[in-house]
Amino acid sequence: MATFLDWLRHDTLGLLLLAAVGIAPLLTLIIKSKIEPFIALVVSGVLVALVGGVSLTDLVGTPVKTSDALIEKGFAGILGHITLIIGLGTVLGAILEHSGGAQVLLERLTRIFGEKGTPIAMGVTGFLLGIPIFFDIGIFVLAPLVYVAAVRGGRSLALYALPLLAGLSVTHAFLPPHPGPVAAAGFFGVSLGWIIVMGLICGIPAWFASGILWGRWIGARVYVPVPGEHIRGTEEGNELPPPALGTVLVSIGMPMLLILGATFGNLWLADGWLKDLLVFTGNPAIALTLAVLVAMWPLGTRRGISTAELSKVTSESPRPVGMILLVVGAGAFFGAVLAATGVGQAVADSLSQAGLPVILSAYVISCGMRIAQGSATVAIVTTSGILAPTLANSDFSQPQLALIVIAISSGSIIASHVNDGGFWIISKYFNMSVKDTLKTWTVLETVLSVVGFAVAATLFAIIS
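Everything numeric in this text was worked out from a predicted model, so none of it was measured.

### Digging into the overall build of the protein
Helix and strand counts for the protein come out as 23 helices and zero strands. Along the first, second and third principal axes, the C-alpha atoms of the protein reach 70 × 55 × 45 Å. When the 464 residues of the protein are sorted by exposure, 55% land in the buried category. Long-range pairs, those at least 24 residues apart, make up 80% of the contacts in the protein with a sequence separation of at least 6. As displayed, the protein has an accessible area near 19,000 Å², and 66% of this comes from carbon and sulfur atoms. Measuring between centres, the 22 positive side-chain charges of the protein sit 10 Å from its 23 negative side-chain charges.

### Notes on the packing of helix α7 (residues 118-129) against helix α8 (residues 135-153)
Close contact between α7 and α8 brings their axes to 11 Å; oriented N to C, the two are set at 175°. Comparing their axes, α8 and α7 come out roughly antiparallel. Packed against α7, whose contacting residues are T118, M122, T125 and L129, the element α8 presents L142, L145, V146 and A149 at the interface. Class assignment for the residues of the contact of α7 with α8 results in six nonpolar, two polar and no charged.

### A look at the environment of F134
Mapped onto the elements of the fold, F134 is located in the loop between α7 and α8. With relative accessibility at 6%, the residue F134 sits in the buried group. Taking C-alpha positions, F134 is 9.6 Å from I86, a pair spaced 48 residues apart along the chain. Setting aside its immediate chain neighbours within four residues, F134 contacts I86, T90, P177, H178, P179, V321 and I324.

### Description of the side chain of K275
Here K275 is to be found in helix α14 (residues 273-281). The class for K275 is buried, based on a relative accessible area of 14%. Residues contacting K275, with those up to four places away along its chain left out, are G265, N266, L269 and A270.

### Re helix α11 (residues 192-219)
Between its terminal C-alpha atoms α11 stretches only 35 Å, short of the 40 Å expected from 28 residues at 1.5 Å a residue. The sharpest bend along α11 measures roughly 30° and falls at G203, with the proline P205 sitting one to four residues further on. The buried count for α11 comes to 20 of 28 residues, which makes it a mostly enclosed element. Two to three positions downstream of the cap, the backbone nitrogen of G193 sits 3.0 Å from a side-chain oxygen, assigning the N-cap of α11 to S191.

### A look at the nonpolar core
Ranked by internal contacts, the top residues of the largest apolar core, which has 148 residues, are L165, F188, I404 and F430. Residue contributions to this core peak at 13 residues, all from helix α9 (residues 157-174). Excluding residues that lie within four positions of it along the chain, F430 makes contacts with I139, A143, V146, Y147, L157, A161, L165 and V224.

### Notes on a nonpolar patch on the surface
A grouping of F4, W7, L13, L17 and V21 is seen on the molecular surface, where their side chains present a nonpolar patch of about 460 Å² in accessible area. Mapped by element, the contributors of at least two residues to the nonpolar patch are α1 (2-10) and α2 (12-31). If one sorts the elements of the nonpolar patch by residue count, α2 sits on top with three residues. In this fold, F4 is placed in helix α1. Judged by relative accessible area, which is 42%, F4 ranks as partly exposed.

### Re the pattern of salt bridges
Applying the stated criterion across every chain yields a total of three salt bridges. Between D271 and K275 there is a salt bridge, and its shortest N-O distance comes to 3.1 Å. Take D271: its relative accessible area is 70%, and that puts it in the exposed class. In this structure, R370 and D420 form a salt bridge, with 3.2 Å as the shortest nitrogen-oxygen distance.

### Examining the state of the cysteines
Here the structure, examined in full by the defined rule, presents zero disulfides. C202 takes part in no disulfide bond, and the closest cysteine sulfur, belonging to C367, lies 15 Å away.

### Notes on the side chain of T314
For T314, the position within the fold is in helix α16 (residues 307-316). Residue classification places T314 among the buried residues on the basis of a relative accessible area of 17%.

### Here we look at the packing of aromatic side chains
A complete count under the given rule lists 11 aromatic pairs for this structure. A ring pair is formed by F396 and F460, whose centres lie 5.8 Å apart and whose planes are at 55°; its orientation type is tilted. Taken together, the residues span a long stretch of sequence, with F396 in the loop between α20 (376-392) and α21 (398-411) and F460 in helix α23 (residues 434-463) at a distance of 64 residues. One aromatic cluster is present, built from ring pairs that chain together F127, W207 and F208.

### Some words on the confidence of the model for the protein
Caution applies to low-pLDDT regions: their predicted coordinates should not be interpreted in detail. Residues of the protein with pLDDT of at least 70 account for 94%, and the chain-wide mean is 85. Within the protein, the lowest mean pLDDT, 50, falls on helix α12 (residues 228-233), and the highest, 97, falls on α21. Within the model, the stretch residues 232-237 combines pLDDT values under 50 with three contacts to residues more than four positions away or in other chains.

How each quantity is defined
- Residues numbered from 1 in each chain as written.
- Predicted model: local features only at pLDDT ≥ 70, side-chain atom pairs only at ≥ 80, totals over all residues.
- Heavy atoms only, no water.
- Helix = DSSP H or I, 4+ residues; strand = E, 2+ residues; numbered from the N terminus.
- Buried < 20%, exposed > 50% of the residue type's maximum accessible area, 1.4 Å probe, protein only.
- Contact = heavy atoms within 4.5 Å.
- Areas by Shrake-Rupley, 256 points an atom, 1.4 Å probe, with all protein chains shown as cover.
- Lys, Arg positive; Asp, Glu negative; His and termini not counted.
- Charge placed at Lys NZ, Arg CZ, Asp CG, Glu CD.
- Axes fitted to C-alpha atoms, helices over the stretch in contact; angles between N-to-C directions.
- Parallel < 35°, antiparallel > 145°, perpendicular 65-115°, else oblique.
- Nonpolar A, V, L, I, M, F, W, Y, C, P; charged D, E, K, R; others polar.
- Expected span 1.5 Å × (residues − 1).
- Bend = angle between axes of the 7 residues up to and from the residue.
- Polar contact = N/O pair within 3.5 Å; in protein donor to acceptor, adjacent residues only side chain to side chain.
- Core = buried A, V, L, I, M, F, W, Y, C linked by side-chain atoms within 4.5 Å.
- Patch = residues over 30% accessible without salt bridge, like charges linked within 9 Å, V, L, I, M, F, W, Y side chains within 5 Å.
- Salt bridge = Lys/Arg side-chain N within 4 Å of Asp/Glu carboxyl O.
- Disulfide = S-S within 2.5 Å.
- Phe/Tyr/Trp six-rings, centres within 6.5 Å; stacked < 30°, edge-to-face > 60°.
- pLDDT = per-residue confidence, 0-100.

Quick look at the structure:
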């Protein structure tokens, strides 16, 4: 037994078996037993640590001191990086939704593209509003607009829903402040500015191919009627005057511009007050704090929303974030265990010997995690944890690391099917059968994944 454990803990093949021993119960707990992903990640992490030879003191600390324990450092490191960013992003999205900014943006885009171009307007709306609004919240907020467009156009609900969903999905997977890319950036030590740049470069073609080209083609061939209760629901109006379009666009774009200003100001400007100012205001937490404070007045109090109502919106909006943070923290702990046992390095060595480029390995692992357990965030966090030890001592540049993050993000959204909660939200909200959801949404996500990775891999090869 001792000989077997020694082989398991020190031999490359043994460490790969240890990785399988860790990931198999993780997937079993999530898929078969329906255990919450964060609990499954903690259980699997503890099992791998114990079997892999991590001492109890290193794993959980002592009754006197736990700050150096693997379980505490694993959670704290990543959560310290992402918690404020995700929380502020959620608050900004809630203010934007409550103010009626989503309706203003869609109406203006519909006028620009015309009635026949309404599906494109939906796609642009999903992309822009998907930046500050989480995916499922975006569906809840924007679904009534899709119903209105389908009723006015007299065509399939799918024709208008799919472009919108592609916009929401690509921003959720590729761009901050969404938890997946923010967490991956934290694992690999890459600037969020580069994540934004590469996310936009790779995400826009992927969104266009999946939401506009595929969405319009399949949407014209799968007829989905608008349910009667949703038609009635779209007739409700907003008593407050709508916000100005410019205000909506500033609220969406301000944090991204500040973060980009810090990234490129740090590269191009000489030391001085301007560089210091850009670096300060472009810190993601500071940028989002400023955006929230700025949005509160033109989108809120200036339009007649009371401070009490605004306070209620900002206090209630972060509540759904709790489970996301637990998943990300548990995934970070799982990744820290893989690093401590040497599993991560063994996986990296095996991938190297197999001749797979690191960006392809990142995509393949993420695809496997997504298809197996359904959650994009879990796929990103787990894949990042597996690869983090490999990339920790690499000589990859910031743009290359950002492209690896995009490859992981692309894999995390492939082939959404029945084990994905988003699959059922879309099926129910947009009145589609399981068969029609597979024909439309599942294929859309796969196109989005493949095109996003193809662009990222091409850029990675050029930069290399």
